[in-house]
Amino acid sequence: MANVDLTGSEMVIKALQDQGVEVVFGYPGGAVLPIYDEIFKQNKLRHILVRQEGGAVHAAEGYARSTGKVGCVLVTSGPGATNAVTGLLDAMLDSIPLVCLCGQVPTHLIGNDAFQEADTTGITRPCTKHNYLVKSVDDLPRILHEAFYVARTGRPGPVVIDLPKDVLMDVGAYIPPAKIKHKSYVPQVKPDAAAIKQAVKLLSKAKKPVIYAGGGVINSGPNASKLLTSFTQMTGFPITLTLMGLGAYPGSDDQFLGMLGMHGTYEANMAMHDCDVMLCVGARFDDRITGRLNAFSPNSKKIHIDIDPSSINKSVRIDLPVIGDVGYVLEDLIKAWKAAQVKPDDKALKSWWKQIQKWRDKDCLAYIKDDKVIKPQLAIQRLYELTKDRKDVFVTTEVGQHQMWAAQHFKFESPNHWMTSGGLGTMGYGLPAAMGVQIAHPDALVIDIAGESSILMNIQELGTIAQYRLPVKVFVLNNQYMGMVRQWQELLHGSRYSESYLEALPDFVKLAESFGGVGIRVTDPKDLDDAIRQMLETDNHVICEVAVAPEENCFPMIPSGCAHNEMIFGADVKTDEAISEDGMVLV
Amino acid sequence: MSTGIYGANIHSEEIRTHTIAVLVDNEPGVLARVIGLFSGRGYNIESLTVAETRHRQGLSRITIVTSGTAMIIEQIKAQLNRLVPVHSVSDLTIEGPSVERELALVKVAGTGEKRVEALRIADIFRARVVDSTNESFVFEIVGKTEKLEAFVDLMRPLGLIDISRTGVVAIARGPESMEGQD
């Protein structure tokens, strides 16, 4: 095909189509008007008009995480770009592939403090995997295709393209994607054979092994989850997942110990602490996972599979790094395991499982039941029970106690069905993310498990939900507090609830109705199931407000500065004593 | 310092100085990316030099002198390698023998005995006079950082008033290239 001359904005639309983009989330403004004009003239690329640019980025994240595709965002210069920054960093920390197109003032005005000018590449440099300022229309096709390549290759992440308005209006030759090859960025995806051999050797001798897997498995694609599941079942080893990894292994399987980390299960954390061989698959030893570093799993040999070499030895000493895409690595690992005809130490493994069972018997997620007030844990449990037989249930969350309860009590059987802000902990993530998921899966059940504080941070997106008739279900656990802040104030600051109580909350029922949706409020545990059923049966967007016990805390918990074997439980916490002075400085 | 996220010093290893060479695409913002990485993650930069070295391919070579424990240095290299415009990263300190040089321009003002002494010492250090007035010299001196430091120390009492230094440039000894063939 001969190269055809197109304007910059025609190239943008053409490149998005050539990259397989079906949906772009955005908000127009002066600098991107040429692109919006091109959007108007075509029907292939669908534009979803959000209510604020932050919503567009989270929506694209939800879209990307539930489909495995690159999410696409279009915002204008200045405030459009700066509003997108939080979402970009969120995607960066959770390794979500995005391409964010930002308008920019014309090149001759850059640096002049022009109207709606921001140094977008400067601002987004530390919040993106890579970014570009396009200075000439001749570079535009290459940069557009490169951006998609960079976003999805290796450890995925967000890429920003800053597009000055004159570049969008200039004419140049368009180049299709096949002709573009990146000159420097070629991450290693296939593992080193010697490392695989060593891993098999280490694992085969393990007496107390544990598999610890994370978001890297999900990013590698559904096949990686299948391979992880086969390897786990082949070896009979216990497995735990990070917040980002939930769904990478079937949540209801017996070999699954639950989530690990600060609000993980006792059995998962104790297994991590006491294991002799740890196989980390696509996770990064985040501080929410490790607890006190110098007491983290002190007696284990650690194998770390990761596509990003900078994750190796970042905080925890690794005995055997395996660099590569989790999918390829697991494939090779399974082959090598079978070829070596490994016989795991059955006797040791049996006694290891016996020990794990003892930890399980502690029933760490138990809470004190109440027949007058709805306990938040009960609300999540009932939501899970009433939806678990349906296929295609997608859950997003905001950030806080409700997020941890959802992670503890909702079980995910397959990858790409759980969307939560892990690394950055962005309140206001869940509603726009749910929107993006619902756009990608129009017939699926999409639930945003929310808290009343978080949901207000991006509540404007109800407008988007109404406009596109997205039947998103918002399940709000209302305890009238910023629950996690209140919990930390109780544990660390003598129950002085400084600014964590929300007065003047909206009437969530009327709020839903004002955007053309359905509002439900439930306060009595007896009515909880009916309320959930009503929400599920409604063919419209719903806010289901559940009035929950205001002072319920999220347990179990590894207090700040403590080790995995120093968890505290709901029943035995003496407030003020739970966290040492050293722990108080930590977040 | 190697401090863990929980404040504890997890590895009480020796802190060593390393010279790292980084080959990058010479594109706008690439230096900001490298410097931002060091400041954002709290690594030291003792010196940094950069210039385009392969015009045809548009490649620049950055030489960074940094310090840290073995674990920190490993992190720095991995983080540098993760930047999209970075082609290759070499730790010249541990990857075999290398040559390091730095250039300084040193301005010394004075008359009489001190002026003569400055000239005499410059001769010993093989520094060249690149500018002269009746009351000043500008010396050009090339060598290892330690040599430059020694020269500057000796010039200080003799009327040193200005120094401009390039920072360290370095290259591995032997026939191998870190840039690959053209």
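Please read all numbers here as calculations on a predicted model, not as lab measurements. (Residues numbered from 1 in each chain as written. Chains lettered and ligands numbered in written order. Predicted model: local features only at pLDDT ≥ 70, side-chain atom pairs only at ≥ 80, totals over all residues. Heavy atoms only, no water.)

For chain B, the count of helices and strands is four helices and nine strands. By residue count, 42% of the 182 residues in chain B fall in the buried class. For chain B, restricting intrachain contacts to residue pairs at least 6 apart in sequence, the fraction spanning at least 24 positions comes to 71%. Counting only carbon and sulfur atoms, one obtains 51% of the accessible surface of chain B, whose full area is about 9,600 Å². In chain B, the 20 positive side-chain charges and the 24 negative ones have mean positions that sit 1 Å from each other. (Helix = DSSP H or I, 4+ residues; strand = E, 2+ residues; numbered from the N terminus. Buried < 20%, exposed > 50% of the residue type's maximum accessible area, 1.4 Å probe, protein only. Contact = heavy atoms within 4.5 Å. Areas by Shrake-Rupley, 256 points an atom, 1.4 Å probe, with all protein chains shown as cover. Lys, Arg positive; Asp, Glu negative; His and termini not counted. Charge placed at Lys NZ, Arg CZ, Asp CG, Glu CD.)

Turning our attention to the environment of Val 329 of chain A. Structurally, the position occupied by Val 329 of chain A is in helix H13 (residues 326-339). Each C-alpha atom of the pair Val 329 of chain A and Lys 190 of chain A lies 6.7 Å from the other, and the pair is 139 residues apart in sequence.

All names here are of chain B. For chain B, the assigned domains read domain 1 (16-91) and domain 2 (99-169). If you look at the interface, domain 1 gives six residues, while domain 2 gives five residues. Of the roughly 370 Å² buried at the junction of domain 1 and domain 2 (both faces included), carbon and sulfur atoms supply 56%. Contact with domain 2 buries area across many residues of domain 1, yet Thr 19, Thr 49 and Thr 63 alone supply 72% of it, more than any other trio. (Domains from an automatic or database assignment. Buried area = accessible area lost by both parts, 1.4 Å probe.)

Moving on to the packing of helix H8 (residues 193-204) of chain A against H13 of chain A. Residue and element names in this part refer to chain A. As a packed pair, H8 and H13 sit with axes 9 Å apart at the nearest point and diverge in direction by 60°. In terms of orientation, H8 and H13 fall into the oblique class. By crossing handedness, the relation of H8 to H13 is classed as right-handed. Of H13, the residues touching H8 (which contributes Ile 196, Ala 199, Val 200, Leu 203 and Ser 204) are Val 329, Asp 332, Leu 333, Ala 336 and Trp 337. (Axes fitted to C-alpha atoms, helices over the stretch in contact; angles between N-to-C directions. Parallel < 35°, antiparallel > 145°, perpendicular 65-115°, else oblique. Left-handed = near helix turned anticlockwise from the far one by under 90°.)

This next bit is on the sheet that holds strand S1 (residues 16-25) of chain B. Residues and elements named next belong to chain B. An order of S2-S3-S1-S4 is seen for the four strands of this open sheet, with the pairing classed as antiparallel. Two strands bound the open sheet, and with one partner strand each, they are strand S2 (47-54) and strand S4 (86-91). Strand-to-strand twist in this sheet, taken as the mean axis angle between neighbours without regard to direction, amounts to 20°. Two elements, S1 and strand S3 (residues 59-68), share 10 bridges in a ladder whose sense is antiparallel. In the sheet register, Thr 17 faces S3, and the bridge partner there is Ser 67. Taken strand by strand, helix H1 (residues 30-40) contacts S1, S2 and S3, and its axis lies near 10° from that of S3. (Pairing = 2+ DSSP bridges.)

On to the environment of Tyr 185 of chain A, then. Among the structural elements, Tyr 185 of chain A can be located in the loop between strand S8 (171-173) and H8. Given a relative accessible area of 9%, Tyr 185 of chain A falls into the buried group. Setting aside its immediate chain neighbours within four residues, Tyr 185 of chain A contacts Lys 129, Tyr 149, Val 150, Thr 153, Gly 154 and Arg 155 of chain A together with Arg 82 and Val 84 of chain B. Reaching out from Tyr 185 of chain A, the side chain makes a polar contact with the backbone oxygen of Thr 153 of chain A at a distance of 3.4 Å. (Polar contact = N/O pair within 3.5 Å; in protein donor to acceptor, adjacent residues only side chain to side chain.)

Turning our eyes to something else, we now look at the interface of chain A and chain B. With 28 residues of chain A at the contact, the number on the chain B side is 22 residues. Contact between chain A and chain B buries roughly 2,100 Å² in total, counting both sides, with carbon and sulfur atoms accounting for 59%. Of all residues in chain A, the largest losses of buried area upon contact with chain B belong to Arg 125, His 130 and Arg 317 of chain A, amounting jointly to 25% of the total for that side. Joining chain A to chain B, the criterion identifies two salt bridges. (Salt bridge = Lys/Arg side-chain N within 4 Å of Asp/Glu carboxyl O.)

We now examine the sheet that holds strand S18 (residues 473-478) of chain A. Residues and elements named next belong to chain A. Judged by pairing direction, the sheet is parallel, and its six strands sit side by side in the order S16-S15-S17-S18-S20-S19 without closing on themselves. Of all the strands in the sheet, the pair left with one neighbour each is strand S16 (418-419) and strand S19 (518-522). Sheet analysis places S18 next to strand S20 (residues 542-547), joined by six bridges and oriented parallel. Residue pairing for S20: Val 474 is matched across the bridge by Ile 543.

Residue and element names in this part refer to chain A. Counted by the stated rule, this structure contains 18 aromatic pairs over all chains. For the ring pair Tyr 384 and Phe 410, a centre distance of 5.2 Å and an interplane angle of 70° mean the geometry is edge-to-face. Here Tyr 384 is found in helix H15 (residues 376-387), whereas its partner Phe 410 is found in the loop between helix H16 (401-409) and S16, with 26 residues between them in sequence. Overall, the relative accessible area of 6% leaves Phe 410 in the buried class. Centre to centre, the rings of Phe 412 and Trp 418 are 5.0 Å apart; their planes meet at 45°, and the pair counts as tilted. (Phe/Tyr/Trp six-rings, centres within 6.5 Å; stacked < 30°, edge-to-face > 60°.)

Our next topic: unusual backbone geometry. Residues and elements named next belong to chain A. In this model, Phe 555 is joined to Pro 556 through a cis peptide bond whose omega is -5°. Inspection of the secondary structure assignment puts Pro 556 in the loop between S20 and helix H23 (581-584). Of note in the backbone geometry, Gln 116 takes a positive phi value of approximately 55° without being a glycine. As for its placement among the helices and strands, Gln 116 is situated in the loop between strand S5 (98-104) and helix H5 (120-124). A positive phi angle, close to 60°, is found at Asn 313, a residue other than glycine. In this structure, Asn 313 sits in the loop between strand S13 (301-306) and strand S14 (320-323).

With 92% of its residues at a pLDDT of 70 or more, chain B shows a mean pLDDT of 91. Here residues 1-10 of chain B is modelled with pLDDT under 50, and outside its nearest four sequence neighbours on either side it reaches 25 contacts, counting other chains as well. (pLDDT = per-residue confidence, 0-100.)

The subject of this paragraph is the pattern of salt bridges. All names here are of chain A. One pass over the full model with this rule turns up 28 salt bridges over all chains. Arg 142 is the salt-bridge partner of Glu 146, the closest N and O atoms lying 3.0 Å from each other. In this pair, Glu 146 and Arg 142 are both assigned in helix H6 (residues 140-152), four residues apart and thus about one turn of the helix distant. Salt-bridge contacts for Lys 375 lead to Glu 552; the nearest nitrogen and oxygen are separated by 3.0 Å. Taken together, the residues span a long stretch of sequence, with Lys 375 in the loop between helix H14 (346-360) and H15 and Glu 552 in the loop between S20 and H23 at a distance of 177 residues. Exposure class is identical for Lys 375 and Glu 552. Each is buried. Through salt bridges with shared partners, a single ionic network connects Asp 37, Glu 38 and Lys 41.

Attention shifts here to the side chain of Ser 311 of chain A. Its place among the elements puts Ser 311 of chain A in the loop between S13 and S14. Ignoring sequence-local partners within four residues, the contact set of Ser 311 of chain A consists of Arg 155, Arg 284, His 304 and Asp 306 of chain A.

So, about the packing of H15 of chain A against H16 of chain A. Residues and elements named next belong to chain A. Between H15 and H16, whose axes approach to 9 Å, the crossing angle comes to 45°. Taken together, the axis directions place H15 and H16 in an arrangement best described as oblique. With respect to the hand of their crossing, H15 and H16 are arranged in right-handed fashion. Two secondary-structure elements touch here, H15 through Pro 376, Gln 377, Ile 380, Gln 381 and Tyr 384 and H16 through His 402, Trp 405, Ala 406 and His 409. For the contact of H15 with H16, the class distribution of residues is five nonpolar, four polar and no charged. (Nonpolar A, V, L, I, M, F, W, Y, C, P; charged D, E, K, R; others polar.)

As a further point, take helix H1 (residues 8-18) of chain A. Turning to H1 of chain A, its buried residues number three or more, namely Gly 8, Ser 9, Met 11, Val 12, Ile 13, Ala 15 and Leu 16 of chain A. One or two steps after H1 of chain A, the chain reaches Gly 20 of chain A, where phi turns positive at roughly 80°.

A few words on the environment of Ser 77 of chain A. Residues and elements named next belong to chain A. Considering the arrangement of structural elements, one finds Ser 77 in the loop between strand S4 (71-75) and helix H4 (79-93). Spatially, the C-alpha atom of Ser 77 lies 6.8 Å from that of Ala 118, the residues being 41 residues apart in sequence. In this structure, Ser 77 is in contact with Ala 31, Gly 103, Gln 104, Val 105 and Gln 116, ignoring residues within four places of it in sequence. At 2.7 Å, the side chain of Ser 77 forms a polar contact with the backbone oxygen of Gln 116.

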